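Descriptive analysis of the structure
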Amino acid sequence: MKERVAVDLSRLPLHGMGRASVTWWGTASFMLIEGTGFALVVAVYIYLMSLAPTWPIDVPPPDLLPGTIVTLILIVSLVPNYLTTRWAERQDLRKVRIGMVVMSLFGIAPLIVRIFEFPALRVSWDTNAYGSIVWILLGLHTTHIITDLVDTFVLAALMFSRHGQNRRRFGDVEDNTMYWNFVVATWIPIYGCIYWIPRL
Amino acid sequence: MTDSVLEPKTRDNELDRPLLEAALTETWKTPSGFWNTLSTVDHKIIGKRYIFTAFVFLALGGILAGLMRVQLAQPEARLLSADRYNQIFTMHGANMMFLFAVPVMEAVAIYLVPLMVGTRNIAFPRLNAFSYWIYLAGGLLLWIAFALDMGPDVGWFAYVPLSGPQYGAGKRADIWAQMITFTELSALAVSVELVVTIFKQRAPGMSLDRIPLFAWAMLVTSFLVIMAMPAIMVASTSLILDRLVGTHLFNPVEGGDALLWQHLFWFFGHPEVYIIFLPAAGMVSTILPTFTGRPVFGYLALVMALVATGVLSFGLWVHHMFVTGLPRLGASFFTASSTAIAIPAGIQIFCWLATLWDGKPVFKTPLLFVIGFIVTFVIGGLTGVMVASVPLDTQVHDTYFVVAHFHYVLVGGAVFPLLGAIYYWLPKITGRMMSERLGRWVFGLIFTGFNLTFFPMHILGLEGMPRRIYTYQPDLPWHGLNVFVSASSLVLIAGFLLFFFEAIRSARQGLPAGPNPWNAPTLEWATSSPPPSYNFPRLPVVNGLYPLWEQPTELFVAGGLRVDRRELVVTSMAAAEPEAREASPRNSIWPLWAALATTVTLIWSIFSPWAVVWGPIPVAITLIGWFWPKGTPEDES
């Protein structure tokens, strides 16, 4: 079949940013998958609660302190996360490097507090169904912090390497900060479930 | 010659056709050799592997079905023990749903969607390679376990408490649960690839109202996978936790609930039916215009029906649980929603009939399968409306009536269109035509064999024969029909054997197909059969729904892409206006290593919770190897 060139693509950029990037859409799709997973686990929590005569089942509510500290750290982390996004948009490599180091620290901090959060639940996963579901909620969210932290480490190392000065990498940083917002946003309903619903 | 054209930053419009093809081949090829074969990220090679593997699983599942039919052909048969029979019906169901039906639809999409939307590779091609290895590992896990007498024996939906720690001793139920994790991981990965390919990699000009209906169907299906499969992953993971570390999610004594399992399973399980059916509907809507010579009737209505089916499919799951003693009001709601989904299904049927009515049908084998589909699926749909009603469902629940119903909707609704699709698209994949004469025989044997095998099961069910029994007593009135069903299944098996023979024969000896043997209108027919590694020498530009009919002599194309790096065009979501010349990743062995590390972790975690602690370390290392930039032109921006 004969062909006729009808569109000239030669002036297009070699990489799209934001919603012109396929990685942005890939990250968004994975957030939808994981968000559905979180929503389902929260639904299981509420379902089990609706069946139980008392909630929590035969144990006191969790100790508020460690979980609340994690919540505060996560909320505060949104500020450097936002700044890192802006710096990545402006492709300011020096500031992005600082931002990635700061965000690595903000990934480590909640994990340290979380070591104390599991005992603060005051129930074991194999005590009863209440214990099982709060451990699953907390464990699932911890997995997400660890995943994002490893991703942040690798990306931070990349930004300090010769591959750093590249629009593609700044796009990766933006996707990484977007994912961190997701990790923080999903924590809020889980925090409410674990710590405040048992106190209602 | 090739070296001389591969100057850095060479553009396609600087080269004449032979040089352009040589340069693109150099950039996009999968070289021969063992490691190159394992490293490929070409969606066509991976798609073929997926299709081939899925059909192998179909054949294996068919053998299991044959064994069950031999066993049931006479009362008190002793061919299979009760324990072996339990494994066989579980394996048959799990294999057909998780290793055949869902993967084969995604497999066809992996091959076709990038060609249909006019791009050079699927989005995230390395994830695509990873998904295939994970799928293969999940299939091997299930079948090797079965060969070792460790096959799951708890039914394809593995209800607790039967599958729980108290009754499901050994590792059989864990094999089932972890096979789920493998296949869902792979399906989720493919869905993300398809969503992004369809949203962002369409040919310039392919606005939302010009997307081929098969691609629309796969888009809706992918969203169903994304929203439904997390439910089964939550369920299967919870089951393993209950069995391995003593959580109590499904243990009523400690505040858990057995029905919770059914809610989680069917919240996934009902959309699963549409995950299988919607791609088939998309195939039908794509095949019909070609063989009726007119555009499909009611494009917008068909798209809306796909979307409506997808949305409604999440509101039906409780109709699988009508006999569990749920509140009456809840049951009535789910009866209403289950009946409501017949509306978008009906809209599609009437659009297809209108296309046939107004067109000039050419009754080639693909169209025969489409017509066989319409007939069979309508029968299955009618019994579906019947079992949506609580009193009737209560009567026939867990009987052969239900077995008949879901084989009518799944085989009639999905396998018939799939076989039509193979007849239609295999010439594109192999470059050779399948025999029309044998095709009529295949259709005749399968259509007749299917109806003779499964229609009598309605009657067996109404006569009270429960599903999943390994034998029955001679004084029960089921013997005659069971003999008839078993004998009829031989016709069905003969049809499938002839189909397999013909598919393999035509790939070697069929007549050459040429680029567009059916005078079809969509973009996959705008390139050679089989397509080159880069799909299109120049990316197509479209200004209608049926580009090859609208531009019969001259195809509009885009120019200006670089040929020294794997480059394709990213377009805007609604209007498909070009946004960027994006790079597409090169071949890599890392997805295979990542899949192996993941496989070790997942299988290890059946036996020890420490797998979850140590397993992710090699997984993370392989992922870093996968994503770390290699300084290729693809990394430029």
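Residues numbered from 1 in each chain as written. Chains lettered and ligands numbered in written order. Predicted model: local features only at pLDDT ≥ 70, side-chain atom pairs only at ≥ 80, totals over all residues.

Right, let's get into the overall build of chain A. Helix and strand counts for chain A stand at five helices and one strand. Along chain A, helices and strands appear, N-terminal first, in the series β-α-α-α-α-α. C-alpha atoms of chain A, sized along the principal axes, occupy 75 × 45 × 25 Å. Counting every position in chain A, which comprises 200 residues, the buried fraction comes to 40%. Long-range contacts, defined here as pairs at least 24 residues apart, represent 80% of the contacts in chain A between residues at least 6 apart. (Helix = DSSP H or I, 4+ residues; strand = E, 2+ residues; numbered from the N terminus. Buried ≥ 20, exposed ≤ 12 C-beta atoms within 10 Å, placed from the backbone. Contact = placed C-beta atoms within 7 Å.)

In terms of helices and strands, chain B carries 21 helices and three strands. Since a compact globule built from 637 residues should have a radius of gyration of about 26 Å, the 25 Å found for chain B is in line with a globular shape. The C-alpha extent of chain B, read off along each of the three principal axes, is 80 × 60 × 50 Å. Buried positions account for 56% of the 637 residues belonging to chain B. Within chain B, counting contacts between residues at least 6 apart in sequence, those at least 24 apart form 80% of the total. (Rg over C-alpha atoms; globule rule 2.2 N^0.38 Å.)

Let us look at the interface of chain A and chain B. With 46 residues of chain A at the contact, the number on the chain B side is 53 residues. Among the elements of the structure, β1 (2-8), α1 (22-51), α4 (129-160) and α5 (167-196) of chain A are those that each provide at least two residues to the side of chain A that touches chain B. The element contributing the most residues to the side of chain A that touches chain B is α1 of chain A, with 15 residues. By the bridge criterion, six bridges tie β1 of chain A to strand β1 (residues 554-559) of chain B in an arrangement that is parallel. Paired with Val-5 of chain A across the bridge in β1 of chain B is Val-557 of chain B. (Pairing = 2+ DSSP bridges.)

In this section: the environment of Ala-331 of chain B. Residues and elements named next belong to chain B. For Ala-331, the location among the structural elements is in helix α11 (residues 328-340). Take Ala-331: there are 21 C-beta atoms within 10 Å of it, and that puts it in the buried class. Separated by 57 residues in sequence, Ala-331 and Ala-388 have C-alpha atoms that sit 9.6 Å apart.

Across its 23 residues, helix α6 (residues 125-147) of chain B extends 33 Å between first and last C-alpha, which sits within 8% of the 33 Å expected from 1.5 Å per residue. Looking one or two residues beyond α6 of chain B, the residue adopting positive phi is Asp-149 of chain B, at roughly 65°. (Expected span 1.5 Å × (residues − 1).)

Attention shifts here to the nonpolar core. In this structure, Ile-133 of chain A together with Ile-198, Ala-215 and Ala-231 of chain B are the most contacted members of the largest nonpolar core, which totals 254 residues. Not counting residues within four places of it along the chain, the set of residues in contact with Ala-231 of chain B comprises Leu-40 of chain A together with Leu-264, Phe-267 and Phe-268 of chain B. (Core = buried A, V, L, I, M, F, W, Y, C linked by C-beta atoms within 7 Å.)

Further remarks concern the pairing of strand β2 (residues 567-571) of chain B. The element β2 of chain B is largely enclosed, with a buried count of five among its five residues. Hairpin remark: β2 of chain B followed by strand β3 (residues 578-583) of chain B, antiparallel, with six residues in the connecting loop; positive phi at Ala-576 of chain B, about 55°.

So, about the packing of helix α9 (residues 258-292) of chain B against helix α13 (residues 365-387) of chain B. Residues and elements named next belong to chain B. Closest axis-to-axis distance for the α9/α13 pair is 10 Å, and the angle between their directions is 130°. With respect to their mutual orientation, α9 and α13 come out oblique. Here α9 and α13 pass one another in a crossing that is left-handed. Note on element contacts: α13 touches α9 through Pro-366, Leu-367, Val-370 and Phe-373, opposite Val-284, Ile-287, Leu-288 and Phe-291. Within the contact of α9 with α13, the residues separate by chemical class into eight nonpolar, no polar and no charged. (Axes fitted to C-alpha atoms, helices over the stretch in contact; angles between N-to-C directions. Parallel < 35°, antiparallel > 145°, perpendicular 65-115°, else oblique. Left-handed = near helix turned anticlockwise from the far one by under 90°. Nonpolar A, V, L, I, M, F, W, Y, C, P; charged D, E, K, R; others polar.)

Checked against the element boundaries, Ala-507 of chain B lands in helix α17 (residues 479-509). Distance from Ala-507 of chain B to Ile-429 of chain B, taken between C-alpha atoms, is 8.9 Å for residues 78 residues apart in sequence.

This part takes up the environment of Gly-510 of chain B. Residue and element names in this part refer to chain B. With respect to the helices and strands, Gly-510 occurs in the loop between α17 and α18 (547-550). Placed 167 residues apart in sequence, Gly-510 and Ile-343 show a C-alpha to C-alpha distance of 42 Å. Contact partners of Gly-510, with chain neighbours within four places excluded, come to Arg-432, Met-433 and Met-434.

Turning to the confidence of the model for chain A, a few remarks are in order. Low pLDDT means the predicted coordinates in that region are not meant to be read closely. Per-residue confidence for chain A gives a mean pLDDT of 96; residues scoring 70 or more make up 100%. Predicted confidence in chain A is weakest over β1 of chain A, with a mean pLDDT of 91, and strongest over helix α2 (residues 64-89) of chain A, with 98. (pLDDT = per-residue confidence, 0-100.)

In this model α1 of chain A runs 44 Å from its N-terminal to its C-terminal C-alpha over 30 residues, within 8% of the 44 Å that 1.5 Å per residue would give. Residues Val-22, Trp-25, Ser-29, Phe-38, Leu-40, Val-41, Val-44, Tyr-45, Leu-48 and Met-49 of chain A constitute the buried set of α1 of chain A.

Trans peptide bonds make up the majority, and among non-glycine residues the majority have a negative phi. For the bond from Trp-55 of chain A to Pro-56 of chain A, the omega torsion is 0°, close enough to zero to count as cis. With respect to the helices and strands, Pro-56 of chain A occurs in the loop between α1 and α2. Cis geometry marks the peptide bond from Ser-529 of chain B to Pro-530 of chain B, where omega comes out at -10°. You can see Pro-530 of chain B is positioned in the loop between α17 and α18. Backbone geometry places Asp-58 of chain A, a non-glycine residue, at a positive phi of 60°. Along the chain, the position of Asp-58 of chain A falls in the loop between α1 and α2. Its 13 C-beta neighbours within 10 Å are what place Asp-58 of chain A among the partly exposed residues. The backbone of Arg-468 of chain B sits at a positive phi, close to 65°, despite the residue not being glycine.

Let us now look at the packing of α6 of chain B against helix α19 (residues 590-607) of chain B. Residue and element names in this part refer to chain B. Closest axis-to-axis distance for the α6/α19 pair is 9 Å, and the angle between their directions is 35°. Relative to α19, α6 is oriented so that their crossing is right-handed. Residues Arg-126, Ala-129, Phe-130, Trp-133, Ile-134, Ala-137 and Leu-141 of α6 lie in contact with α19, whose contacting residues are Pro-591, Leu-592, Ala-594, Ala-595, Thr-598, Thr-599 and Ile-603.

Residue and element names in this part refer to chain B. Here chain B shows a mean pLDDT of 95. Residues at 70 or above account for 99%. Long-range and interchain partners of residues 1-5, a stretch whose pLDDT sits below 50, account for nine contacts in this model, where long-range means more than four residues apart. Reported confidences for the modelled complex are a pTM of 0.96 and an ipTM of 0.96.

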